[in-house]
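The residues making up each chain are set out below.
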Amino acid sequence: MCGIVGYIGNKQAYPILIKGLHRLEYRGYDSSGVALINDKNEINVYKTKGKVEDLEKYASDKDLSGTIGIAHTRWATHGEPNDSNAHPHYSQSKSLAIIHNGIIENYAIIKKDLIKRGYEFKSDTDTEVLVQLIEHIKEKNNVDLTKAVQLALTQAVGAYAIAVIEKGNPNQIVAARKASPLVIGVGDDEFFLASDATPFVEYTKKVIYLNDEEIATITRNDEVHIRTISDVEKTPELKEIEMSLNELEKGGFPHFMLKEIHEQPKRIAEAMRGRININHDNVALSGIIDNKDKFLNAKRIIIVACGTSWHAGLIGEYLLEEFTRIPVEVEYASEFRYRNPIINKDDIVIAISQSGETADTLAAVELARKKGAFVYGICNVIGSSIPRNTDSGTYTHVGPEIGVASTKAFTAQVTVLALISLTIANMKGSLDKKRYKELIDELATIPAKMEETLKTNENIQKIAPIFTYAKNFIYLGRGYNYPVALEGALKLKEISYIHAEGYPAAEMKHGPIALIDAEMPVVFIAPHKGMYEKTLSNIEEVKARKGRIFSIVTKGDNVVSKVSDYSIEIPETEECFVPLLATIPLQLLAYHIAIMKGCNVDQPRNLAKSVTVE
Ligand code: M6R
């Protein structure tokens, strides 16, 4: 949560920082600000409540000169979103300015001590406490900025990615991280730093990923120097990233979410490329094959994830158990990490995360590794913390997902879980060859079937306005489609603010049925596979109570569609791959309802794309 960006070089910093903030706005968008060192070597801080465009308006008549600066877009943790809590924060004497993503957990104790020493605070944030502490240490010990940051961080408990600049020192930014992402872009005579590489992708592809408890001193016309908090010097490792600018633009779509929904056929094909062979008789994931013994001897797989990634994990449970016969448990990472779980050496823990930075999932990974499990990551963002902290893994390769509501990352996670299940099944011999090939053949057709599914967009757009009246929705599915119901409900909740619940369809009778009346929309995922007849009975039960039925059916179905008020057809596929298609109309339904209600679908209220605090 929160996006941070910094620049030092020959160009004017402000336009680069503002563009960078716009790209990071998906990480938080309740207030934003910038700090620049001008030609007189003074620090100017401009910050305001609201989005980055509000900051631009606010700063338009100010002194925006300077070739060094730091900027921040906030998702509030400590202190309500207002002008004074927005970052950057000055230190007492205004000689330092800081931006911060994370939480300093022991800020209250440090603050109390600083107040005793005469420090005054202008905000309610933990971040201001940190910058005051750095200033205090710097003055008391007469040390340079890097040393003062280092000493201050030895006292700080919590998570942080910070950048600090100093009045009279226009040639240096000091940055540090622990459990919050930070990447340094290395250009020709210029440096960038940011929460991810998107703010500087058009300037450089060379990056240095800072590791936990490392401090970087970034000096104009010099190399980046890295030391740990415990004062060990580190050699920066330069890496090359693959990312193109048009991946960060809307490409003619009105919103990133709609673009990302429509990208799914292409992205899913990319997620399979090089992993399914040309004859469709082999699936090979190097992360699995290189660790064959671990997977062959695994007694149990535990999947940990949050939100949409957790829903993908639930589908993974069905896939892995059906094809590999290895028992699977799926856990919310936030629960797993605190309940002292039993983890054995022959357990495999799979962590799923689009961002690769979700604090709870990362903590679950660390716990599992400490307890001796082999930990495998399924992530999208290359070089993010989870892939760097797992034993092995598979990238989903769907490019940057910018819409806060996850769409293409979800279907790619499910695709990767299908590939993992098939790879293990083949190694174990738990699936006969004929069936194995049939499944691969079918999986390879999914991108084309997704393309066909997307043609339902127009129809869904027409139906959506009918549902804007609704205050509640119920989503129901069985088997593989139960997690699809959960995911459909989450999409609707997060972008349209309509309360929605997903249930296994058979659970309806155990309570939720009491909610059904003529006002209640009920979405059924009812493909012509699996428990079709049983789902049909559940539909009849809703119909009998006058619920308004919206169903996802297999092309040509004329039974469920007859009972439904509205139905959307998807192409026929194997039961285990239905989620890859059935999710799409639910993404579109949420999108169009939210648009009809005038909601900001790419940046829904209170949310952030990357949840780097617990
Ligand atoms: O980056 P991650 O996949 O670890 O993120 C997990 C959740 O925060 C995320 O899926 C969230 O639920 C999305 N807003 C869903 O659309």
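See the structure printed just above.
From a predicted model like this one, the values you see are computed outputs, not experimental measurements.

Q: Mind showing me how you'd approach the overall build of the protein chain here?
A: Across its full length, the protein chain carries 20 helices and 25 strands. A compact globule built from 614 residues should have a C-alpha radius of gyration of about 25 Å, and the protein chain, at 25 Å, falls within 12% of that. By principal-axis analysis of the C-alpha atoms, the protein chain measures approximately 75 × 55 × 45 Å. Among the 614 residues that make up the protein chain, the fraction classed as buried is 62%. Considering only intrachain contacts with a sequence separation of at least 6, the fraction spanning at least 24 residues in the protein chain is 70%. If you sum the accessible surface of the protein chain, you get close to 23200 Å²; carbon and sulfur atoms cover 48% of it. The protein chain carries 72 positive and 81 negative side-chain charges, and their two centres are separated by 2 Å.

Q: Looking at this structure, how should I read the environment of Ser496?
A: Note that Ser496 resides in helix 17 (residues 481–496). Judged by its relative accessible area of 0%, Ser496 falls in the buried class. Separated by 94 residues in sequence, Ser496 and Ala590 have C-alpha atoms that sit 6.8 Å apart. Setting aside residues up to four positions removed in sequence, Ser496 forms contacts with Ile593, Ala594, Lys597 and Cys599. In this structure the side chain of Ser496 is engaged in a polar contact, spanning 2.6 Å, whose partner is the backbone oxygen of Leu492.

Q: Help me understand the sheet that holds strand 2 (residues 31–37) in this model?
A: Sheet strands line up and pair through hydrogen bonds in the backbone, either parallel or antiparallel. Read across the open sheet, the eight strands follow the order 3-2-4-1-10-9-11-15; overall the sheet is antiparallel. The sheet terminates laterally at strand 3 (43–49) and strand 15 (239–240), the two strands that pair on one side only. Alignment of strand 2 against strand 4 (residues 68–74), held across six bridges, turns out to be antiparallel. Paired with Ser32 across the bridge in strand 4 is Thr73. Strands in contact with helix 2 (residues 52–59) are strand 2, strand 3 and strand 4; relative to strand 3, the strand with the most contacts, it is inclined by about 130°.

Q: Would you explain the nonpolar core in this entry?
A: Across soluble globular proteins, nonpolar side chains show a tendency to be buried alongside one another. In terms of nonpolar packing, the biggest core is built from 90 residues, with Ile350, Ile420, Leu443, Phe473, Tyr475 and Phe550 touching the most fellow members. Each of domain 2 (251–453) and domain 3 (457–596) gives at least three residues to this core. With residues near it in sequence (within four places) discarded, Leu443 still touches Met272, Ile276, Ala418, Leu419, Leu422, Phe577 and Leu580. Counting residues in each nonpolar core, the second largest holds 32 residues, with Ala13, Tyr26, Ala71 and Ala197 among its members.

Q: Please explain the packing of helix 15 (residues 433–453) against helix 20 (residues 578–596) as it appears in this structure.
A: For any two helices packed against each other, the geometry comes down to the angle between their axes and how far apart the axes lie. Contact geometry of helix 15 with helix 20 gives a least axis separation of 9 Å together with a crossing angle of 20°. Considering their axes alone, helix 15 and helix 20 lie roughly parallel with respect to each other. Remark: the crossing between helix 15 and helix 20 carries right-handed chirality. Across the interface between the two elements, Leu443, Ile446, Lys449, Met450 and Thr453 from helix 15 touch Leu580, Leu581, Ile584 and Pro585 from helix 20.

Q: Is there a simple way to think about the pattern of salt bridges in this case?
A: Side chains that carry opposite charge are capable of pairing whenever their charged atoms lie near each other. What the rule picks out here adds up to 31 salt bridges. The closest approach of N and O atoms between Lys138 and Glu166, which form a salt bridge, is 2.8 Å. In this pair, Lys138 is assigned in helix 4 (residues 126–141) and Glu166 in strand 7 (residues 158–166), connecting sequence segments 28 residues apart. Note on accessibility: Lys138 and Glu166 belong to one class, buried. Here Glu442 and Lys449 are joined by a salt bridge, their closest N and O atoms 2.7 Å apart. Neither Glu442 nor Lys449 differs from the other in exposure class; each is buried.

Q: Would you take a moment to explain the packing of aromatic side chains for this structure?
A: The relation between two aromatic rings is expressed through the spacing of the ring centres and the mutual angle of the planes. Tallying each qualifying case throughout the model produces eleven aromatic pairs. With centroids separated by 6.0 Å and ring planes inclined at 85°, the aromatic side chains of Phe295 and Phe374 adopt a geometry described as edge-to-face. A residue pair is termed long-range when its members are at least 10 positions apart, and Phe295 in helix 9 (residues 292–296) and Phe374 in strand 19 (residues 374–379) qualify at 79 residues. The burial state of Phe295 is the same as that of Phe374; both residues are buried. An aromatic cluster of three or more residues is present, and its members are Phe467, Phe473, Tyr475, Phe550 and Tyr566. The ring centre of Tyr58 lies 4.2 Å from the NZ or CZ of Lys62, which sits over that ring. Above the face of the Tyr497 ring, Arg605 is positioned so that its terminal group lies 3.8 Å from the ring centre.

Q: Whenever I open this one, the side chain of Thr308 confuses me. Can you help?
A: Inspection of the secondary structure assignment puts Thr308 in helix 10 (residues 307–324). For Thr308, the contacting residues outside a window of four places in its chain are Ser406, Phe410, Gln413, Glu487, Leu490 and Lys491.

Q: What is the right way to read the sheet that holds strand 21 (residues 472–477) from this model?
A: A sheet is described by the order of its strands in space; here five strands give the open sequence 22-21-23-24-25, paired in parallel fashion. Edge strands, defined here as strands with exactly one partner in the open sheet, are strand 22 (499–504) and strand 25 (566–570). Strand after strand, the sheet turns through a mean of 15° between neighbouring axes, direction not considered. Bridge analysis of strand 21 against strand 22 gives six bridges, and the strand direction is parallel. The residue of strand 22 that forms the bridge with Leu476 is Tyr503. Here helix 20 sits on the sheet and contacts strand 21, strand 23 (521–526), strand 24 (548–554) and strand 25; the angle it forms with strand 25, its principal contact strand, is near 140°.

Q: Explain the packing of helix 3 (residues 107–116) against helix 4 here, please?
A: Two numbers describe how helix 3 lies on helix 4: the axes approach to 9 Å, and their chain directions differ by 50°. The orientation of helix 3 relative to helix 4 falls into the category oblique. The way helix 3 lies across helix 4 gives a crossing that is left-handed. Only Asp126, Val129, Gln132, Leu133 and His136 of helix 4 make contact with helix 3, whose side of the interface consists of Tyr107, Ile110, Lys111 and Leu114. Residue composition of the contact of helix 3 with helix 4, by class: five nonpolar, two polar and two charged.

Q: Help me out: how do you make sense of unusual backbone geometry in this one?
A: In terms of backbone geometry, most residues other than glycine have negative phi values and most peptide bonds are trans. Cis geometry marks the peptide bond from His87 to Pro88; its omega dihedral reads 0°. Mapped onto the secondary structure, Pro88 falls in the loop between strand 4 and strand 5 (89–90). Not every positive phi belongs to a glycine, and Asn221 is a case in point at roughly 55°. Topologically, Asn221 is positioned in the loop between strand 12 (214–219) and strand 13 (224–228). Positive phi, close to 70°, is recorded for Lys546, a residue that is not glycine. In this fold, Lys546 is placed in the loop between helix 18 (532–544) and strand 24. Since its relative accessible area comes to 60%, Lys546 is described here as exposed.

How each quantity is defined
- Residues numbered from 1 in each chain as written.
- Predicted model: local features only at pLDDT ≥ 70, side-chain atom pairs only at ≥ 80, totals over all residues.
- Heavy atoms only, no water.
- Helix = DSSP H or I, 4+ residues; strand = E, 2+ residues; numbered from the N terminus.
- Rg over C-alpha atoms; globule rule 2.2 N^0.38 Å.
- Buried < 20%, exposed > 50% of the residue type's maximum accessible area, 1.4 Å probe, protein only.
- Contact = heavy atoms within 4.5 Å.
- Areas by Shrake-Rupley, 256 points an atom, 1.4 Å probe, with all protein chains shown as cover.
- Lys, Arg positive; Asp, Glu negative; His and termini not counted.
- Charge placed at Lys NZ, Arg CZ, Asp CG, Glu CD.
- Polar contact = N/O pair within 3.5 Å; in protein donor to acceptor, adjacent residues only side chain to side chain.
- Pairing = 2+ DSSP bridges.
- Axes fitted to C-alpha atoms, helices over the stretch in contact; angles between N-to-C directions.
- Core = buried A, V, L, I, M, F, W, Y, C linked by side-chain atoms within 4.5 Å.
- Domains from an automatic or database assignment.
- Parallel < 35°, antiparallel > 145°, perpendicular 65-115°, else oblique.
- Left-handed = near helix turned anticlockwise from the far one by under 90°.
- Salt bridge = Lys/Arg side-chain N within 4 Å of Asp/Glu carboxyl O.
- Phe/Tyr/Trp six-rings, centres within 6.5 Å; stacked < 30°, edge-to-face > 60°.
- Lys NZ or Arg CZ within 6 Å of the ring centre and 35° of its normal.
- Nonpolar A, V, L, I, M, F, W, Y, C, P; charged D, E, K, R; others polar.

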